[in-house]
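Residues per chain, in single letters:
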Amino acid sequence: MRLTRYFLPVLKETPAEAQIVSHRLMLRAGMIKQQAAGIYSWLPLGLKVLRRIEQIVHEEQERAGHIALLMPTLQPADLWRESGRYDDYGEEMLRITDRHKREMLYGPTNEEMITDIFRSNVESYKQLPLTLYHIQWKFRDEVRPRFGVMRGREFLMKDGYTFDIDKDAALHAYNRHMVSYLRTYERMGLTAIPMRADSGPIGGDDTHEFLVLASTGESEVFYDAAVTDLHLGDREIDYADRAGVKAVCDEFTTLYARTDETHDAALFDAIPPERRRVGRGIEVGQIFYFGTKYSDPMKANVVNDQGARVPVHMGSHGIGVSRLLGAIIEASHDERGIIWPEGVTPFAVGIVNLKQGDSATDAACEGLYAAVQATGLEPLYDDRDDRAGAKFATMDLIGLPWRITVGPRGLANGVVELTERRTGVSVEMTAEAAVARLVEIYALHR
RNA sequence: CGGGGCGUAGCGCAGCCUGGUAGCGCGACGGUUUUGGGUACCGUAGGUCGUAGGUUCGAAUCCUAUCGCCCCGACCA
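For every chain, the first residue of the written sequence is number 1, and numbering continues from 1 onward in sequence order. Whichever chain is written first is A, and whichever ligand is written first is 1; the rest continue in order. Local features in a predicted model are, by the rule used here, given only for residues with pLDDT of at least 70; side-chain atom pairs are given and counted only at 80 or more, and totals for whole chains, interfaces and linings are based on all residues. Where side-chain values are given, they derive from all heavy atoms of the structure, hydrogens and water being excluded.

It is worth spelling out the overall build of chain A at this point. Numbering of helices and strands runs from the N terminus, with a helix taken as a DSSP run of H or I at least four residues long and a strand as a DSSP run of E at least two residues long. Counting its regular elements, chain A contains 13 helices and 23 strands. Based on C-alpha atoms, the radius of gyration is set beside the globule rule, defined as 2.2 Å times the residue count to the power 0.38. Computed over its C-alpha atoms, the radius of gyration of chain A comes to 24 Å, within 12% of the 22 Å expected for a compact globule of 446 residues. Seen through its C-alpha atoms, chain A measures out along the principal axes to roughly 80 × 60 × 40 Å. Exposure categories follow from relative accessible area, calculated using a 1.4 Å probe and restricted to protein chains: below 20% of the type maximum is buried, above 50% is exposed, and the middle band is partly exposed. Counting all 446 residues of chain A, 54% fall into the buried class. Residue pairs at least 24 apart in sequence account for 71% of intrachain contacts in chain A once pairs closer than 6 positions are excluded. A positive count includes Lys and Arg, and a negative count includes Asp and Glu. His and the chain ends are not counted in either. For the purpose of locating charges, the reference atoms are NZ of Lys, CZ of Arg, CG of Asp and CD of Glu. Computed over 53 positive and 66 negative side-chain charges, the separation of the two mean positions in chain A equals 3 Å. Here, residues are in contact when the closest pair of their heavy atoms is within 4.5 Å.

Listed below in structure tokens is the structure:
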């Protein structure tokens, strides 16, 4: 993409309403525009990152054997009356009446609807296990939306639902989700720690939240410092291997890590003092096993191998997709702007032309632009007729992890400059070498 | 929902107390200049001062109502 052809309304000054750094940077980088309290338009740069995150979520869900579908944002109230939640959910549910006076609602979650889909189509244990998920906009009429996309009223969420014949099988689905989520967050450059949590209005006994450590997080967290050293890395996971998957879960959940909801001071005090940590975290996902809480009242039964009709065991699993943008920025930025991890960056590399209009420099940039595109990576070429300082400031603000700087001074020696956003370290090399280096770097993030 | 604050140009703000027909910086646009970290200068465009009533000869300014937004708390992916 050429910057002169793009729509990137960056702001030099910080809008007054933004308090936390991710919100400020998303506004300044031209990623979002607020339309009402907790409701945002996604401008091109923001949408690109949102799509990157969605893509990673989809890939990891498919890898774990989960199947995508898409449910509507609007749902009939009657479905929610069956589970009893139409009354229980309260003011957070946005209720709508259509022209025929039918009661509808903008879905805050989809347990009822997925259970309806399941009971209409699945009759036998032989069709289990089954995991269906979608990535769809949700609406929760928060009393006090704030912090940009971190606590919006409209938000994009991946929610998945598991159907199993018994508790053992359902717990394997739970564990499978935990591992797939760990992989998902790692690909986004995040360390998200699974913490034992409270179930809230979804209901259920077994539940973990995934928290990204950040001082601006809304949850207080207590943990053993050693958990931050745990990483999946590139190890092979066989999602069908119950014992293997459980072993990974045990590895990540044995050390103490809890939110204030479930904090146990006695257990915390048992941690060696030098490893005790109290901090704040951003919740970016939660997994639940809730048994037959919905299948019972909604009569989602299957025939088991004894010929008996039994309610299916369910779980639900969510990732806050739009919130993740805020979480990633909170975890990865500096005083100049965002620093995107390679896994989610909107463009692979920024090309800065230091002397727009100079024929040799322009030609070198054009050649580089084409060469990067030919590798399948997407460059953002700053071809504006502007000062170097302005171009660097824009690149730093929007946070592309790599930048290639092209100017007459370097070209005289046959080199361009490859700069890493995170460290600021620049290395001079030929244009060909810079492209080759980028290919190498991004090969690690596929 | 309790408490607090704010709505004036695209963004950041001043003017309001003490009524007299709106201003600054940044940005945008046109030029000149400059060219390896937000350059400098000249010029141009852009605002029924959130909205509705009221008081007044006259309201951004005073009064009333209303809408919206932000912050703290309680609540929450």
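The next thing to look at is the domain arrangement of chain A. Domains assigned within chain A are domain 1 (3–337) and domain 2 (347–443). On a C-alpha basis, the centroid separation for the pair domain 1 and domain 2 is 37 Å. Counting residues at the interface gives 15 residues for domain 1, matched by 13 residues for domain 2. Two parts lose some accessible area (1.4 Å probe) when they are put together, and adding that loss for both gives the buried area. Both faces combined, the contact of domain 1 with domain 2 buries some 1,200 Å², and carbon together with sulfur accounts for 62% of it. We count a salt bridge whenever a side-chain nitrogen from Lys or Arg sits within 4 Å of a carboxyl oxygen from Asp or Glu. Counting the contacts that link domain 1 with domain 2 gives three salt bridges. Linking E378 and K48 is a salt bridge whose minimum nitrogen-to-oxygen distance equals 2.8 Å. Counting of polar contacts relies on pairs of N or O atoms within 3.5 Å, with two restrictions inside protein: one atom must be capable of donating a hydrogen and the other of accepting it, and residues adjacent in sequence are counted only when both atoms are side-chain atoms. For the pair domain 1 and domain 2, the interface holds eight residue pairs in polar contact (both at pLDDT 80 or more). Mapped onto the side of domain 1 that touches domain 2, the elements with two or more residues apiece are α1 (21–28) and α2 (44–63). Amino acids are sorted into nonpolar (Ala, Val, Leu, Ile, Met, Phe, Trp, Tyr, Cys and Pro), charged (Asp, Glu, Lys and Arg) and polar (every other residue, Gly among them). The residue makeup of the side of domain 1 that touches domain 2, split by class, is eight nonpolar, three polar and four charged. For the purposes of this description, domain bounds are those given by an automatic or database domain assignment.

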